[in-house]
Amino acid sequence: KGSYPVGSCCNSNSRSNIMEMKTSSERILATGTGCAIGYKCASPEKSSAAIAKTSSSFHGKLPLDQRPHCKNDEGANPLDNKGQPIDIQYDLLPRYRTCPAFNKEDIAVPFGLGIPISAAKYHHFHQNDYDQLKIKSGYIGKLAYFSNMGPIDNHDIHNPELIIQSDGDGAMQIKQRSQQLQFKRESQRERQSKTKTAIVVIHGSGRDAASYLCSMIGALEAVSSSTSPYSGMTLEDFVQGVTQNMQFENDGNQKPRDKKHSLDSFVQNLRKNRGPHSKTSSKSKVMKDEIGDALVISPWFLAPQDGNPNNSPNPSSRDSTLSAEHQSLPFLQWDDDHPIAHTFRYGAESLPNEHSEYTVSSFAAMDVLLETLCDRKRFPNLDKVIVTGHSAGGQFVQRWGVSSDSWCFGDGSHLSGGTFPTIKLVPANPRSYAYLDGRRYLPLEDDIPSEGDKKDPSMFHQMSENNNEEDDVTLKFRFPNPSEKKSCSEYNSYEWGLEQNPLIPAPYIISNTRKLINDSHDKDVKAVFQRYASRDVVYLSGERDTEVLGPQICEDDGYQGPTRRERSERFYASLQALWEEVNVNGDERQVHDRILVENVGHDHALMFQSEEGLRGLFR
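Residues numbered from 1 in each chain as written. Predicted model: local features only at pLDDT ≥ 70, side-chain atom pairs only at ≥ 80, totals over all residues. Heavy atoms only, no water.

**Comments concerning the pattern of salt bridges**
Side-chain pairing between opposite charges can occur once the charged atoms of the two side chains come close.
Argument step 1. Per the counting criterion, the structure on display carries 16 salt bridges.
Argument step 2. Residue K71 pairs with D91 through a salt bridge whose shortest N-O separation is 3.1 Å. With a gap of 20 residues between them, K71 in strand 3 (residues 69-72) and D91 in the loop between strand 3 and strand 4 (92-93) connect regions that are remote in the sequence.
Argument step 3. In this structure K71 comes out as partly exposed when scored by relative accessible area, which is 32%. (Salt bridge = Lys/Arg side-chain N within 4 Å of Asp/Glu carboxyl O. Helix = DSSP H or I, 4+ residues; strand = E, 2+ residues; numbered from the N terminus. Buried < 20%, exposed > 50% of the residue type's maximum accessible area, 1.4 Å probe, protein only.)

This is the structure:
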């Protein structure tokens, strides 16, 4: 009681063998897969190869019970960290891809990215104020983050190597070794010059950034594992090939695209074309031999409850060659309770600190991180930046994607000119979305859909829980009537919409969206929608993420839908309805993509590591 429960490991390597392995890549590949607490490792009666011979499906498309999976351990009686019984809802679950596990308290000091005062420019909307702000020097503080390839900026604090060792009882511990770094034995500049893909993964409300880093490393390993159909591919091959050869399947109300190619058929064709003796590109090592082929960054939006990592008992981990200013910068923190829970997720201001009179939005800090990656002097060959998050992290990605005016998106000007990396946003299972106008999917006011209503792209068909078609409900994308608005007058105030909300201060969002509207000819939110629609966004939704979050009232994210899965469906449908209105040229396209992840509920690791998740991230 009081400690987090541990699930089952499904690998064949002993812990002592894993701990003797020298590199993180070896350990990641060796640890294999695992199951959640209350489940045990299970395998199909037939091997995957035998099943594949008798089935048109291949690996990821096989039914869950015909792949290595996790099965309910009926005699386990699992308890959570508070000693309460865990409700096992499903007999079978997918397996996790594992990497060497560590807890937040085992990591002495994360890296810290300096956030300059200029990042708070949205506080100074008038041009004269902005001109004055640009000439100021100094920093507000540091954004904490973890990385699989070391620091991304010359001013970042260096973390010592984290070495997995045994304490004599067989338990895995993280210990530091200051003489060597876990990261590759090459200079920071050499590492950055070879980086072509960067993945930024945003944690959920638990602020478990290290866990998110691990889950994304596991997702990369899922692509490169020798047991995966993607084995032997470079990340460059995977990303480029899938982009050229695959279209998504979409659920919901939208028509599917004409051509559908599964990842697996593409990979089989690629192997066939290569032949048995073909070699991978000399510019990029095979992923299973080089996990560090992609840069993975997991920002840590600290709260006061997390303490200050600078107060670690291992202050020697700081690099003494750094300037005194950067040595003394405090890590930025965000309130986790007021005015509402988990304020980092909606772009709230950081808490004041002793170093600077300025505060900064979590979204502005994300802009600095993104623009560090887009800086060609640091990352000259970076092609792609993928920003993803789950749950509260998914809310972060969606709202930041709507409001960010960073030059790195390529829809503005930048002094250095040149080309930019492509930016992809992948929000997964957010509880709520910031809608782009005041309409929501609400019941038809006459209760009977007309023939015209049935053809209206703004209609949404809500299936009944009992699968009885007579109980299905048709909703229309419309403004609330006076009675509905009275019941939830703040439904369109930020964070659920884009109207200013005095109860939830968010100057970054209000300033950026208002500026975009004021600069447009239409003087309405159409400009915000058009910019957001132009960005590459894929929404991941768990098939089993169907917990009813509450009635359709303001306390439960007013008028968005009963479950996260349906909220995803409705928001995605709203984008298509908005597109029909602004699409004066009759272009046939859909706004963004949405992918339903089979057999997965509200679980970030299983979402990212699923075949559908890999499609959404790396297409």
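Having seen the structure, we can now continue with the description.
**Focus on the environment of V538**
Argument step 1. Considering the arrangement of structural elements, one finds V538 in strand 17 (residues 536-542).
Argument step 2. Distance from V538 to G616, taken between C-alpha atoms, is 6.0 Å for residues 78 residues apart in sequence.

**Digging into the sheet that holds strand 15 (residues 459-462)**
Argument step 1. Pairing within the open sheet is antiparallel, and its three strands lie in the order 14-16-15. This sheet does not close on itself; its edge strands, each paired only once, are strand 14 (440-443) and strand 15. Between one strand and the next, the sheet's axes are offset by a mean angle of 40°, whatever the strand orientation.
Argument step 2. Summarising the sheet, strand 14 and strand 16 (residues 473-478) pair through four bridges and their orientation is antiparallel. Paired with Y441 across the bridge in strand 16 is F477.
Argument step 3. Running over the sheet, helix 16 (residues 564-582) touches strand 14, strand 15 and strand 16 and is turned about 160° from strand 15. (Pairing = 2+ DSSP bridges. Axes fitted to C-alpha atoms, helices over the stretch in contact; angles between N-to-C directions. Contact = heavy atoms within 4.5 Å.)

**Notes on the nonpolar core**
Argument step 1. Within the largest apolar cluster, 78 residues are counted, with the highest numbers of intra-cluster contacts made by M366, L370, L373, F396, W400 and F529.
Argument step 2. Here this core gets nine residues from one element, more than from any other, and that element is helix 10 (residues 362-374).
Argument step 3. What W400 contacts, discounting residues up to four positions off in sequence, is F363, M366, D367, L370, V387, F409, L425 and Y508.
Argument step 4. C70, V223, W300 and L606 belong to the second-largest nonpolar core, a separate cluster that totals 44 residues. (Core = buried A, V, L, I, M, F, W, Y, C linked by side-chain atoms within 4.5 Å.)

**Remarks on the state of the cysteines**
Argument step 1. Enumeration according to the criterion identifies three disulfides in this entry.
Argument step 2. Between C10 and C41 runs a disulfide, and the two sulfur atoms are separated by 1.9 Å. Here the disulfide of C10 and C41 is left-handed, its torsion about the S-S bond being about -85°. With C10 in the segment before helix 1 (15-20) and C41 in strand 2 (residues 39-42), this pair connects stretches of sequence that are 31 residues apart.
Argument step 3. The exposure class assigned to C10 is buried, which follows from its relative accessible area of 19%.
Argument step 4. A relative accessible area of 31% places C41 in the partly exposed class.
Argument step 5. For C35, the disulfide goes to C70, at an S-S distance of 2.1 Å. (Disulfide = S-S within 2.5 Å.)

**Some thoughts on the packing of aromatic side chains**
Argument step 1. The full count for this structure, using the stated rule, is 21 aromatic pairs.
Argument step 2. Summarising the aromatic geometry, the rings of Y122 and Y508 are spaced 5.3 Å apart at their centres and angled 80° between planes, so their arrangement reads as edge-to-face. Within this pair, whereas Y122 is found in the loop between strand 6 (111-116) and helix 4 (127-134), its partner Y508 is found in helix 14 (residues 507-519), the two being separated by 386 residues in sequence.
Argument step 3. Overall, Y122 belongs to the buried group, its relative accessible area being 7%.
Argument step 4. A relative accessible area of 2% means that Y508 is categorised as buried.
Argument step 5. Here the aromatic rings of Y441 and F460 are separated by 5.5 Å at their centres, their planes lie at 50°, and the arrangement is tilted. With Y441 in strand 14 and F460 in strand 15, this pair connects stretches of sequence that are 19 residues apart.
Argument step 6. Taken together, the ring pairs connect Y122, F301, W334, F344, F363, F396 and Y508 into an aromatic cluster.
Argument step 7. Cation over ring: K142 sits above F331, and NZ or CZ is 4.5 Å from the ring centre.
Argument step 8. Seen from the ring of F409, R535 lies directly overhead, with NZ or CZ sitting 3.8 Å from the centre. (Phe/Tyr/Trp six-rings, centres within 6.5 Å; stacked < 30°, edge-to-face > 60°. Lys NZ or Arg CZ within 6 Å of the ring centre and 35° of its normal.)

**As for the side chain of S568**
Argument step 1. Along the chain, the position of S568 falls in helix 16.
Argument step 2. Using a relative accessible area of 3% as the deciding quantity, one classes S568 as buried.
Argument step 3. Among residues more than four places away in sequence, those in contact with S568 are Y433, Y539, S541 and R594.

**Some thoughts on helix 10**
Argument step 1. Given a rise of 1.5 Å per residue, 13 residues ought to cover 18 Å, and the 18 Å separating the end C-alpha atoms of helix 10 matches this to within 8%.
Argument step 2. Residues of helix 10 that are buried include every one of S362, F363, A364, A365, M366, D367, V368, L369, L370, T372, L373 and C374, and no others.
Argument step 3. Between the side-chain oxygen at the start of helix 10 and the backbone nitrogen of F363 there is a gap of 3.0 Å, and the oxygen is on S361. (Expected span 1.5 Å × (residues − 1). Polar contact = N/O pair within 3.5 Å; in protein donor to acceptor, adjacent residues only side chain to side chain.)

It is worth stressing that arrangement in space is one thing and function is another; only the former is reported here.
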